[in-house]
Amino acid sequence: MKIAMIGSGAAGSVFAGYMRLGGADLTLVDPYKEHMDKIARDGLTFVIYPDQEYQVTGFKTAYNADSIGKMDIVIFMTKTNQLDEALKGAAPCIGPETVLVSLMNGLGNEDKLVKAASPDRVLYGSGVLGTELPEPGVCVAKPSAGTENMYFGACVKNELTDRAGKYLEEKFAAGGLLPHFYEDVRPKVWRKATSNSGFNTVCAVLRLKIKEVYDDPEGVELVWSVWREASDVAAALGIPGIWEYMQEEMPRIVKGLGDYYPSMAQDTQAHRQTEVDSLTGAISMFGRKVGIPTPTCDILTKEIKAIQANYERQY
């Protein structure tokens, strides 16, 4: 099957590296010219922390999707706030039976893919591993040993999505990941999005690391409030067990990531646009759909949007 990776930065390159090691036919698409040119010329230097390094060759590369031909699978790994434009740009490589895949973090990405295709041609999920792009042509993967680190499922189960999902599962596994193609991926997606929404948004607003928020009674209460609202919304959508999972997740997050600014805090520090709409913003959106109030998510989302709209005015 022919696969295009739309958005081949840190995460896209890492995911592509694993699939190419597994034998997949891949075209990387990204406007980062130096990165695409280096891979086309020399291959991808793929470092798997702590002690593996591969020079992965055989990729096709392009700055856009205009002339890469129709694909069997198109994977989107842009920022979530760039997905609408990415879908427009990918139109030339999407045929009537192309399966669209989001492996981006956050909630609601699959809804955008459905608008560009149909529910019976969409897969969605995420990877659970650190990724870095230290220089053009070089990417670093930091997977957790012995645990599932890639998961996805179909919006609508059918022959087309089954074939694409099983193929991706096979190629990721052959490349060295521990993937799973789920019958119902929603619990996995909501667990990760709930976890990310709490500390990401609160750390960004308070300008604190995870452990610093955890140690502040008011700060950690905000995190719990986000998680409670997300759990209630998920339950109303028919996805139980999120609140119980978050009780177990809290000590793992603090122990493993306590001395860390999560990605949204890093974005606000660097004056970048954030992915708040796919985290607390998405929890609020789904809450409105199912009639569940989400006051903490509503306020935090507005605060982040106000911060990122006024970077140049802030002291």
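Preceding this section is the structure that the text describes.
Summary of the structure given here. Note that the coordinates shown come from a computational prediction; the quantities given were computed from them, not determined experimentally. (Residues numbered from 1 in each chain as written. Predicted model: local features only at pLDDT ≥ 70, side-chain atom pairs only at ≥ 80, totals over all residues. Heavy atoms only, no water.)

Sheet strands line up and pair through hydrogen bonds in the backbone, either parallel or antiparallel. Read from one edge to the other, the open sheet built from eight strands follows the order β5-β2-β1-β6-β7-β8-β11-β12, with strand pairing classed as mixed. What marks the edges here is a single partner per strand, and that holds for β5 (60-62) and β12 (179-182). The mean angle between the axes of side-by-side strands here comes to 25°, regardless of whether they run parallel or antiparallel. Across the sheet, helix α3 (residues 83-90) lies against β1 (2-6), β6 (71-76) and β7 (94-102), angled at about 160° from β6, the strand it touches most. Against the sheet, helix α6 (residues 186-206) engages β8 (122-127), β11 (150-154) and β12, with an angle of about 45° to β8. (Pairing = 2+ DSSP bridges. Helix = DSSP H or I, 4+ residues; strand = E, 2+ residues; numbered from the N terminus. Axes fitted to C-alpha atoms, helices over the stretch in contact; angles between N-to-C directions. Contact = heavy atoms within 4.5 Å.)

In spatial order, the strands read β4-β3-β10-β9; together these four strands make up an open sheet with mixed pairing. Two strands lie at the open edges of the sheet, namely β4 (52-56) and β9 (129-135), each paired on one side alone. The average angle at which neighbouring strand axes cross in this sheet is 20°, direction not considered. Note: β9 against strand β10 (residues 138-143), five bridges, orientation antiparallel. Bridge pairing in β10 places E132 opposite V140. Packing of helix α1 (residues 10-21) onto the sheet brings it into contact with β3 (44-48), β4, β9 and β10, and relative to β9 it is tilted by some 105°. Sheet strands touched by helix α2 (residues 33-42): β3, β4, β9 and β10. Its angle to β3, the strand with the most contacts, is close to 95°.

Before going further, it helps to examine the nonpolar core. Residues I75, F76, L168 and F172 are the most contacted members of the largest nonpolar core, which totals 56 residues. Those residues within four positions of L168 in sequence are excluded, and the remaining contacts are I3, M19, I73, I75, V101, L123 and F152. Ranked by size, the runner-up nonpolar core spans 39 residues in total, among them L107, W227, V276 and L300. (Core = buried A, V, L, I, M, F, W, Y, C linked by side-chain atoms within 4.5 Å. Buried < 20%, exposed > 50% of the residue type's maximum accessible area, 1.4 Å probe, protein only.)

Once that is clear, we can look at the layout of surface pockets. Counted as a void, the second largest pocket has a volume near 460 Å³. Taken together, 27 residues form the lining of the second largest pocket, with D277, S278, G281, A282 and K305 sitting closest to its centre. Breaking the lining of the second largest pocket down by element, the ones donating at least two residues are α4 (109-116), α11 (280-290) and α12 (295-309). In the lining of the second largest pocket, the residues fall into five nonpolar, 11 polar and 11 charged. (1 Å grid on protein atoms, 1.4 Å probe; cavity = no way out; pocket = protein on both sides within 12 Å on 5 of 7 lines; lining within 4 Å. Points joined across faces, edges and corners; volume = space filled by probe spheres on them. Nonpolar A, V, L, I, M, F, W, Y, C, P; charged D, E, K, R; others polar.)

Okay, the pattern of salt bridges next. Scanning the entire structure with this criterion turns up 19 salt bridges. The partner of E170 in a salt bridge is K171, and the shortest N-O contact between them spans 3.6 Å. In this structure E170 comes out as partly exposed when scored by relative accessible area, which is 46%. Measuring nitrogen to oxygen at the nearest pair gives 2.8 Å for the salt bridge that ties K211 to D215. Pair noted here: K211 and D215 are both in helix α7 (residues 210-215), with a separation of four residues, about one helical turn. Note on K211: relative accessible area 36%, which makes it partly exposed. The exposure class assigned to D215 is partly exposed, which follows from its relative accessible area of 48%. Several salt bridges converge on common partners, so that one network encompasses K38, R41 and D42. (Salt bridge = Lys/Arg side-chain N within 4 Å of Asp/Glu carboxyl O.)

Moving on, we get to empty space enclosed by the protein. Tallied over the full model, the rule gives one cavity of 30 Å³ or more. Every residue lining the largest cavity is counted, 13 residues in all, and those nearest its centre are M104, N105, G106, G125 and V189. The set of elements that each furnish at least two residues to the lining of the largest cavity consists of α4, β8 and α6. Across the lining of the largest cavity, the residue classes break down as five nonpolar, six polar and two charged.

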